[in-house]
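Letter by letter, the chains look like this.
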Amino acid sequence: MKPHIDGTAFGRITIDGREYRHDVVLTPGGEIAQRRKELSSEVTGTSHVVSEAEARHLLDQGAAQLIIGTGQYGALKLSDEAAAYLKQQGCVVTLAPTPEAVKLYNAATESVTAMFHLTC
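Residues numbered from 1 in each chain as written. Predicted model: local features only at pLDDT ≥ 70, side-chain atom pairs only at ≥ 80, totals over all residues. Heavy atoms only, no water.

## A closer look at the packing of helix H1 (residues 52–60) against helix H2 (residues 80–88)
Step number 1: Taken N-terminus to C-terminus, the directions of H1 and H2 make an angle of 30 degrees; their axes are 7 Å apart at the nearest point. What the angle tells us is that H1 and H2 run roughly parallel. Where H1 approaches H2, its residues Glu 52, Ala 55, Arg 56 and Leu 59 are matched on the opposing element by Glu 81, Ala 82, Tyr 85 and Leu 86.
Step number 2: Per-class residue counts for the contact of H1 with H2 are five nonpolar, no polar and three charged. (Axes fitted to C-alpha atoms, helices over the stretch in contact; angles between N-to-C directions. Helix = DSSP H or I, 4+ residues; strand = E, 2+ residues; numbered from the N terminus. Parallel < 35°, antiparallel > 145°, perpendicular 65-115°, else oblique. Contact = heavy atoms within 4.5 Å. Nonpolar A, V, L, I, M, F, W, Y, C, P; charged D, E, K, R; others polar.)

In structure tokens:
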């Protein structure tokens, strides 16, 4: 069952009444996990990048849709390889500021994986 996100504020997110202060990934099965950050120089101006390996792992969870909360300043980006892979697999990807991404996640009706960047 998909958890409900109760709210988000700078640096934290509340999911089913529990507060998280790190980047989180919500799988289609309702699991909540901490996102392991990979430092990269692929995307100018940020070290928060979704790699192709991470994109593959997310799709292995059975998602038809991926919602990415990019953080307050749009700090989380897809690597070129991840974007190409997701497009090739036909996965619908939406990148939006985290508060907007939370609303999209809560409204989603299909199998969805979400990743929310909270730390900057």
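Resuming the write-up.
## Details of the packing of aromatic side chains
Step number 1: Under the definition given, this model contains one aromatic pair.
Step number 2: Ring centres 6.2 Å apart and planes at 90 degrees place the aromatic pair Tyr 105 and Phe 116 in the edge-to-face group. Placement of the pair is Tyr 105 in helix H3 (residues 98–107) and Phe 116 in strand S10 (residues 112–116), with a sequence separation of 11 residues.
Step number 3: Given the relative accessible area of 0%, Tyr 105 is considered buried.
Step number 4: Residue classification places Phe 116 among the buried positions, given a relative accessible area of 0%.
Step number 5: Over the aromatic face of Tyr 105 sits the side chain of Lys 2, whose NZ or CZ is 4.8 Å from the ring centroid. (Phe/Tyr/Trp six-rings, centres within 6.5 Å; stacked < 30°, edge-to-face > 60°. Buried < 20%, exposed > 50% of the residue type's maximum accessible area, 1.4 Å probe, protein only. Lys NZ or Arg CZ within 6 Å of the ring centre and 35° of its normal.)

## A short note on the sheet that holds strand S4 (residues 24–26)
Step number 1: The strand order across the open sheet formed by five strands is S5-S4-S10-S7-S9, and the pairing between neighbours is mixed. Strands at the two margins of the open sheet, each flanked by one partner only, are strand S5 (32–34) and strand S9 (92–96). Between one strand and the next, the sheet's axes are offset by a mean angle of 15 degrees, whatever the strand orientation. (Pairing = 2+ DSSP bridges.)

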